[in-house]
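Structural description and commentary
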Amino acid sequence: MALVFVSYSHMDTDFVKQLVEDLRKRGVPTWLDHLNIPAGTRWDLEIEQALDKSTHLLLVLSSHSVQSQNVLDEISFARDENKTIIPILIEDCKLPLRVRRVQYTDFRTNYDQGVEHVLKQLPREAHEISTSSVTLDDADKSQEAEVISHLPPVDPAAARSVMEVASLVFYASAKSHTVALTRPTVIIGRGEYCEIEVRSRQISREHIRLTVKENHYFIEDVESRNGTWINGSPLKGIRQLTDGDKINLAMTVYFEFLGAGSTAPAAHTAQQFTTSPIELHPRIELHQETQAVVIKGVIVDPPLSPPQYRLLEILYLQQGRVCTREQLIESVWQTDEEEDVSEAAVEALVQRLRDRLDEIDPEWQYILTVRGHGFRLNS
């Protein structure tokens, strides 16, 4: 199976991440350390294993990379192992002696033309990223999260390892959708370059990473903004997945992990993942399926308005961390354009929520203002 190893200097990370995103959307199977090395593993071993498995080396040439010993080592390894080396030039620099005889693609003047030219030299998945998708309707929030798999389909003749037969089952209110995990590392997030793309503002650009090690899958939250839950408990660090684990991203997207040889589960709904209250605060319970809020054992009645509930939920999920004005606007008003929402509108919504909580527990200040930063829930 073809695999393109991307060799570059971390000083060029922004350019490289954009390039990899564009190549993946066009079906190029790439390996990038920033995306594919899980936390807690040995960086040097992961690099060596990826180089060994790769068929092509995409070499990003810049004034920084030509001075990097790591990049020079990767070039030497690729030459010794007869890998196909494809250089691309992103800025003026002195080319390394080892690749001066190899024709490069010039990205210095026209990025789009550079992408089109280099695509002719790179391997692409035979299925040409035949994406499959499902829309998850979360009626409680009046939001939709579209899940799109950019993973290649399973080849039954080649399905010999857990990596090729394990799967995720995504649940909507009345339907489910199964995605086979056909790569050893799978990133799930809002970014278009992710192996599984989730189009929801509640989901971080890179939300979680799944990796397979010695026939076992592991899950890691990649410092997501709104958190990850497994079987109702917050995910912290790296955890091994077991058959039937129920995973919840930001209280928005729900799916189940199925290991190798598992029987497909009985039909579920998204609501069945959230029948228990979220309990991250000693004074507050959130019942996400009904948007009911309980303060010190007393139900808030009448219920909070949808904007008030979304505001409380985003503060709640931060678990005492500061939530910036930009995060509130994106989560509550469903826009990332700050000018669309005035400072007065944010302050007014915060004050209305404070008033509603004060009706039940006037002795406790639940929402604190952090001057110059935003707001946080007082635990």
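For the structure itself, look to the data block above.
Everything numeric in this text was worked out from a predicted model, so none of it was measured. (Residues numbered from 1 in each chain as written. Predicted model: local features only at pLDDT ≥ 70, side-chain atom pairs only at ≥ 80, totals over all residues. Heavy atoms only, no water.)

**What about the overall build of the chain?**
- When helices and strands are counted, the chain shows 8 helices and 24 strands.
- Once local pairs closer than 6 in sequence are excluded, the contacts in the chain between residues at least 24 apart make up 55%.
- When the accessible area of the chain is evaluated, it comes to approximately 17,900 Å², of which 47% is carbon and sulfur surface. (Helix = DSSP H or I, 4+ residues; strand = E, 2+ residues; numbered from the N terminus. Contact = heavy atoms within 4.5 Å. Areas by Shrake-Rupley, 256 points an atom, 1.4 Å probe, with all protein chains shown as cover.)

**Some words on the packing of helix α6 (residues 306–317) against helix α7 (residues 325–332)**
- Contact pair α6 / α7: the axes reach a minimum separation of 9 Å and the direction vectors enclose 130°. Our classification of the angle between α6 and α7 gives oblique. Where α6 crosses over α7, the handedness of that crossing is right-handed. In this structure, α6 uses P307, R310, L311, I314 and L315 to contact α7, whose residues at the interface are L328, S331 and V332. (Axes fitted to C-alpha atoms, helices over the stretch in contact; angles between N-to-C directions. Parallel < 35°, antiparallel > 145°, perpendicular 65-115°, else oblique. Left-handed = near helix turned anticlockwise from the far one by under 90°.)

**Focus on the sheet that holds strand β15 (residues 233–234)**
- If you trace the 6 strands from one edge of the open sheet to the other, you get β9-β8-β18-β17-β14-β15, paired in antiparallel fashion. Bordering the open sheet on either side are β9 (176–180) and β15, each of which pairs with just one other strand. (Pairing = 2+ DSSP bridges.)

**Observations concerning helix α3 (residues 43–53)**
- Within the sequence span of α3, burial applies to E46, I47, A50 and L51. The arc that holds the buried residues of α3, viewed along the axis, is 130°, so those residues lie on one side.
- Where α3 is buried, its residues meet β1 (4–7), β2 (30–31), α2 (33–36), β3 (56–61), α4 (69–80) and β12 (208–213). (Buried < 20%, exposed > 50% of the residue type's maximum accessible area, 1.4 Å probe, protein only. Arc of directions from axis to C-beta.)

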